[in-house]
Amino acid sequence: MWFAIIAKDHPGSLDKRMAARPAHLERLNALQNEGRMLLAGPFPAIESENPGPAGFTGSLIIAEFASQADAESWAKADPYVAADVYADVEIKPFRKVLP
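Residues numbered from 1 in each chain as written. Predicted model: local features only at pLDDT ≥ 70, side-chain atom pairs only at ≥ 80, totals over all residues. Heavy atoms only, no water.

A.B. asks: Please explain the side chain of Arg17 as it appears in this structure.
C.D. replies: Mapped onto the elements, Arg17 comes out in helix H1 (residues 14–33). Looking at Arg17, its side chain comes within polar contact range of the side chain of Asp9, at 2.9 Å. If we ignore the near neighbours within four places in the chain, the residues touching Arg17 are Asp9, Pro42, Phe56, Gly58, Ser59, Tyr80, Val85 and Tyr86. (Helix = DSSP H or I, 4+ residues; strand = E, 2+ residues; numbered from the N terminus. Polar contact = N/O pair within 3.5 Å; in protein donor to acceptor, adjacent residues only side chain to side chain. Contact = heavy atoms within 4.5 Å.)

A.B. asks: What's the story with the sheet that holds strand S1 (residues 2–9) in this structure? I'm lost.
C.D. replies: Strand-to-strand pairing in sheets goes through backbone hydrogen bonds, with the strands running parallel or antiparallel. Ordered in space as S2-S3-S1-S4, the four strands form an open sheet in which the pairing is antiparallel. Of all the strands in the sheet, the pair left with one neighbour each is strand S2 (37–44) and strand S4 (86–94). Strand-to-strand, the axes of this sheet are offset by a mean angle of 10°, without reference to chain direction. One ladder, built from seven bridges, connects S1 with strand S3 (residues 56–64); its direction is antiparallel. If you follow Lys8 over to S3, its bridge partner there is Gly58. H1 contacts S1, S2, S3 and S4 of the sheet and is inclined by roughly 10° relative to S3. Where helix H2 (residues 68–76) meets the sheet, its contacts fall on S1, S3 and S4, and the angle it forms with S4 comes to roughly 155°. (Pairing = 2+ DSSP bridges. Axes fitted to C-alpha atoms, helices over the stretch in contact; angles between N-to-C directions.)

A.B. asks: When you look at the nonpolar core in this model, what are you seeing that I'm missing?
C.D. replies: One recurring pattern in soluble globular proteins is that nonpolar side chains are buried together. One finds Phe3, Ile5, Leu28, Leu31, Met37, Ile61, Ala63, Phe65, Ala71, Trp74, Ala75 and Ile91 forming the largest nonpolar core, which totals 12 residues. In terms of residues, this core owes the most to one element, H2, which gives three residues. Setting aside its immediate chain neighbours within four residues, Leu28 contacts Met37, Ala40, Ile61 and Trp74. Listed in part, the five residues of the second largest apolar core include Ala7, Tyr80, Val85 and Tyr86. (Core = buried A, V, L, I, M, F, W, Y, C linked by side-chain atoms within 4.5 Å. Buried < 20%, exposed > 50% of the residue type's maximum accessible area, 1.4 Å probe, protein only.)

As structure tokens, then:
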């Protein structure tokens with residue numbers, strides 16, 4: 001089943017986010033290579049593709065996992081969690097309808 005991983009950043013965590021980004025992207029690329037990634041990306045803090053020092057307010061990942069527990073386990077192991085970028089992470093089952 002698809003699961004939405006909705007994460008909220010700690011304010012002022014841009015430097016931590018950028019330092020942990022390569023390891024974070026490596027995990028996302030692994031999901032994509034396994035055919036389990038629907039989409040992933042950050043929420044810019046301002047209306048801009050490149051928000052610069054304004055940074056990001058969080059992230060959204062929609063990926064396939066065997067269970068809620070597996071999605072939670074995967075999310076807890078994210079480098080952004082270890083780097084204290086994320087203040088909160090919510091995981092919800094997701095049903096893709098369109099397109």
